[in-house]
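Single-letter residue listing:
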Amino acid sequence: MADTAPTYDLMLLLDPKADDATRAKIREDARAMISASGTLGETREYGRRPLAFEIGHDKEADYDLLQFQGPRELLEQLQRTLKITDGVLRFRIIKLRDGTPAAPDLRQSAQVSEQPADAAEPVAEPAAS
């Protein structure tokens, strides 16, 4: 019985100070590398979000998620290329376990959290004794 190829998540944190064309080229190059020797699955552009800590005096980055399947050589090629690419603040490739839920759509959660506070349901106050 042949095992199915593992699925990987590639999380890219791109420099927000880089121009749009540079960030678009980085995204397209990563997709092209994956498509050349693997299978590109779901992709999500989460947009500009705050970092947990500063990286090179940057407090935010453009987040992108690419899910793919491919051989070990593809992982090595991605790591080698992304390490030296200007405009990439950080990246992480993670092998997903079977049964891992789908990636969340963070754009929807950002819109939900931006609702005004008075839109929430009022909390009943305890009765005075």
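This report concerns the structure included in the present document. Keep in mind the model is a prediction, meaning the values are calculated, not measured. (Residues numbered from 1 in each chain as written. Predicted model: local features only at pLDDT ≥ 70, side-chain atom pairs only at ≥ 80, totals over all residues. Heavy atoms only, no water.)

Moving on, we come to the overall build of the protein. Of regular secondary structure, the protein possesses three helices and four strands. Starting at the N terminus, the α and β elements of the protein follow one another as β-α-β-β-α-β-α. By the burial criterion, 31% of the 129 residues in the protein qualify as buried. Residue pairs at least 24 apart in sequence account for 73% of intrachain contacts in the protein once pairs closer than 6 positions are excluded. Surface summary for the protein: the accessible area is close to 9,300 Å², and the carbon and sulfur share equals 51%. (Helix = DSSP H or I, 4+ residues; strand = E, 2+ residues; numbered from the N terminus. Buried < 20%, exposed > 50% of the residue type's maximum accessible area, 1.4 Å probe, protein only. Contact = heavy atoms within 4.5 Å. Areas by Shrake-Rupley, 256 points an atom, 1.4 Å probe, with all protein chains shown as cover.)

Here helix α2 (residues 72-84) is 13 residues long and its end C-alpha atoms lie 19 Å apart, about the 18 Å a rise of 1.5 Å per residue gives. Looking only at α2, the buried set comprises L74, L75, L78 and L82. Taken around the axis of α2, the buried residues stretch over an arc of 100 degrees, which confines them to a single face. Along α2, exposed side chains directed more than 90 degrees from the buried face belong to R72, E73, R80, K83 and I84. Residues of α2 that are buried in the fold lie against β1 (7-14), α1 (20-37), β3 (58-69) and β4 (88-95). (Expected span 1.5 Å × (residues − 1). Arc of directions from axis to C-beta.)

Turning our eyes to something else, we now look at the sheet that holds β3. What holds strands together in a sheet is hydrogen bonding between their backbones, with the strands either parallel or antiparallel. Pairing is antiparallel in the open sheet, where four strands are placed in the order β2-β3-β1-β4. Edge positions in the sheet fall to β2 (39-55) and β4, since each has one partner strand and no second. Adjacent strand axes in the sheet meet at a mean angle of 20 degrees when their direction is disregarded. In this sheet, β3 lies alongside β2 in antiparallel orientation, the contact comprising 10 bridges. Paired with R49 across the strands is A61, a residue of β3. Here α1 sits on the sheet in contact with β1, β2, β3 and β4, set at roughly 140 degrees to β2. This element, α2, spans β1, β3 and β4 of the sheet and lies at about 165 degrees to β4. (Pairing = 2+ DSSP bridges. Axes fitted to C-alpha atoms, helices over the stretch in contact; angles between N-to-C directions.)

Glancing now at the pairing of β1. Buried residues dominate β1, accounting for six of its eight residues. Taken together, the eight bridges between β1 and β3 define a ladder with antiparallel strand orientation. Looking at β3, one finds that M11 is bridged to L65.

Here the idea is simple: oppositely charged side chains can pair when their charged atoms come close. For the coordinates displayed, the defined rule picks out 13 salt bridges. Residue D62 is joined to R23 by a salt bridge in which the shortest nitrogen-to-oxygen separation is 2.7 Å. Of this pair, D62 sits in strand β3 while R23 sits in helix α1, and the two are 39 residues apart along the sequence. Among the residues examined, D62 registers a relative accessible area of 7% and is labelled buried. Ionic pairing is found between K59 and E54, a salt bridge with its closest N-O pair at 3.9 Å. Look at K59 and you get exposed, because its relative accessible area is 59%. Classification of E54 by relative accessible area gives partly exposed; the value is 44%. (Salt bridge = Lys/Arg side-chain N within 4 Å of Asp/Glu carboxyl O.)

These figures capture arrangement, not role.
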